[in-house]
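The lines below spell out each chain.
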Amino acid sequence: MYIPEIYKNENPEQIRAFIKANSFGIFITNKDGVSLATHIPLEYAQKESGTEILHAHISKANEQCAHIIDGGEVLCIFNGPHSYVSSSWYDFEEVPTWNYIAVHVRGKLTILDQEGLWSSVKTLMQTYEDKQENPVRMENLSEETLRQMNGIIGFEVAISSIEAAYKLSQNRDDKNHTAVVHQLKNTGCPQEIAIAEEMEKLRGNKK
């Protein structure tokens, strides 16, 4: 991913937190010159050995299953809030731009056995079901429902590199930075407000 130096984020803790909070990512593979992508939850975890991984599953009916091979190189993309930034908000002439947060993760794929698949799906469910009023527990599901597990293939990605772009008007002085934040918040759009809050957070941390 092309990231000008000013927009690079190299804070491991912040980046991992972002991946966890925006785990519905894009899983991309390439085989024999053909690229395929699937939008799926890609859950971050760390093994006892310290190896960082993403674990996930896709339907066996998905054509991308042909790309699921041990040792295969994959790319996973995580997107955060983003917004158009009008240059009319500045006190000088400039072209418009776009503010955003995005993280690219690369790694090697390993197919999970049945036990690993069960553990991966159970962890995924617990992560999101624990927030529910009446959480569903995998171990309480009927055999009939659990047979749906036969229709999916699980895998994990051993992370080899992470690139994080936080393009948040770092190249603007305080006056114009504040003007952009103000305009974004005034839209009332949740996504644009989220970008404004990230801008404030980043600028505040650097003061």
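What counts, and at which threshold
- Residue indices follow the written sequence of each chain, beginning from 1 at its first position.
- Restriction of local features to residues with pLDDT of at least 70 applies here, the model being predicted, together with a cutoff of 80 or more for giving and counting side-chain atom pairs; totals for whole chains, interfaces and linings are based on all residues.
- Side-chain numbers here rest on the full set of heavy atoms in the structure, without hydrogens or water.
- Two rings from Phe, Tyr or Trp (for Trp, the six-membered ring) form a pair when their centres are within 6.5 Å of each other. A pair whose planes differ by under 30 degrees is stacked, one over 60 is edge-to-face, and the rest are tilted.
- Helix and strand assignments come from DSSP, with helices taken as H or I runs of at least 4 residues and strands as E runs of at least 2, each series counted from the N terminus.
- Think of it in three bands: residues with accessible area under 20% of the maximum for their type are buried, residues over 50% are exposed, and the middle band is partly exposed, with areas taken using a 1.4 Å probe on protein chains only.
- Two conditions define a charge located above a ring, namely a distance within 6 Å from the ring centre to NZ of Lys or CZ of Arg, and an angle within 35 degrees of the ring normal.
- Strand pairing follows a simple DSSP-based rule, namely that at least 2 bridges must link the two strands.
- Only the stretch in contact is used when a helix axis is fitted, and all axes are lines through C-alpha atoms; the angle between N-to-C directions ranges over 0 to 180 degrees.
- Two residues qualify as a contact provided that any one of their heavy atoms is within 4.5 Å of a heavy atom in the partner residue.
- Definition of nonpolar core: a set of buried residues of the types Ala, Val, Leu, Ile, Met, Phe, Trp, Tyr and Cys, connected through side-chain atoms within 4.5 Å.
- By convention in this document, the label disulfide applies to cysteine sulfur atom pairs within 2.5 Å.
- Within 3.5 Å is the distance limit for a polar contact, defined as a pair of N or O atoms, with the added protein rule that one can donate a hydrogen and the other accept it, and that residues adjacent in sequence qualify only through two side-chain atoms.

## What to know about the packing of aromatic side chains
Consideration 1: Under the criterion given, the structure shown has 4 aromatic pairs.
Consideration 2: Ring centres of Tyr84 and Trp98 lie 5.7 Å apart, and the angle between their planes is 70°; on these two criteria the pair is classed as edge-to-face. Of the two residues, Tyr84 sits in strand β5 (residues 73-85) while Trp98 sits in strand β6 (residues 97-111), which places them 14 residues apart along the sequence.
Consideration 3: According to the relative accessible area criterion, Trp98 is partly exposed, its value standing at 41%.
Consideration 4: Taking the ring centre of Tyr90 as reference, the NZ or CZ of Arg172 above it sits at 4.7 Å.

## Brief notes about the environment of Glu115
Consideration 1: Topologically, Glu115 is positioned in helix α2 (residues 114-129).
Consideration 2: With relative accessibility at 65%, the residue Glu115 sits in the exposed group.
Consideration 3: Between the C-alpha atom of Glu115 and that of Gly154, which follows or precedes it by 39 residues, the distance is 10.0 Å.

## Looking at the pairing of strand β1 (residues 24-31)
Successive side chains on a regular strand alternate, one facing one side of the sheet and the next facing the other.
Consideration 1: Where β1 and strand β2 (residues 34-41) come together, 8 bridges link them in antiparallel fashion. What sits directly across from Phe27, in β2, is Thr38.
Consideration 2: Between β1 and β2, which follow one another and run antiparallel, lie 2 residues, and Asp32 among them has a positive phi close to 55°.

## Overview of the sheet that holds strand β3 (residues 43-46)
Backbone hydrogen bonds hold the strands of a sheet together, and the pairing may be parallel or antiparallel.
Consideration 1: Taken in spatial order, the 7 strands line up as β2-β1-β5-β6-β7-β4-β3 in an open sheet, and their pairing is antiparallel. For this open sheet the edge positions go to β2 and β3, each flanked by a neighbour on one side alone. Within this sheet the neighbouring strands show an average axis-to-axis angle of 35°, counted without direction.
Consideration 2: Here helix α1 (residues 12-21) sits on the sheet in contact with β3, β4 (52-59), β5, β6 and β7 (152-167), set at roughly 130° to β7.

## Regarding the nonpolar core
Consideration 1: Counting 36 residues, the largest nonpolar core has Phe27, Leu54, Phe78 and Phe155 as its most contacted members.
Consideration 2: Going through the elements one at a time, α1, β4, β5, β6, β7, α4 (174-186) and α5 (190-205) are the ones with two or more residues in this core.
Consideration 3: With 6 residues, the single largest contributor to this core is β7.
Consideration 4: Ignoring sequence-local partners within four residues, the contact set of Phe78 consists of Phe18, Ile19, Asn22, Ser23, Gly25, Leu42, Leu54, Ile101, Ala102, Val103 and Val105.
Consideration 5: If you look at the next biggest cluster of nonpolar residues, it comprises 7 residues, including Val121, Met125, Leu146 and Met149.

## Notes on the state of the cysteines
Think of a disulfide as a covalent bridge from one cysteine sulfur atom to another cysteine sulfur atom.
Consideration 1: In total, this model carries 0 disulfides according to the counting rule given.
Consideration 2: Unpaired in terms of disulfides, Cys76 finds its nearest cysteine sulfur in Cys65, a separation of 15 Å.
Consideration 3: Assessed through its relative accessible area of 0%, Cys76 is described here as buried.

## What to know about the side chain of Arg203
Consideration 1: One can find Arg203 in helix α5.
Consideration 2: Assessed through its relative accessible area of 15%, Arg203 is described here as buried.
Consideration 3: Among the polar contacts made by the side chain of Arg203, one reaches the main-chain carbonyl oxygen of Arg172 at a distance of 2.9 Å.
Consideration 4: With near-sequence residues (within four places) excluded, Arg203 lies in contact with Ser169, Gln170, Arg172, Asp173, Asp174 and His177.

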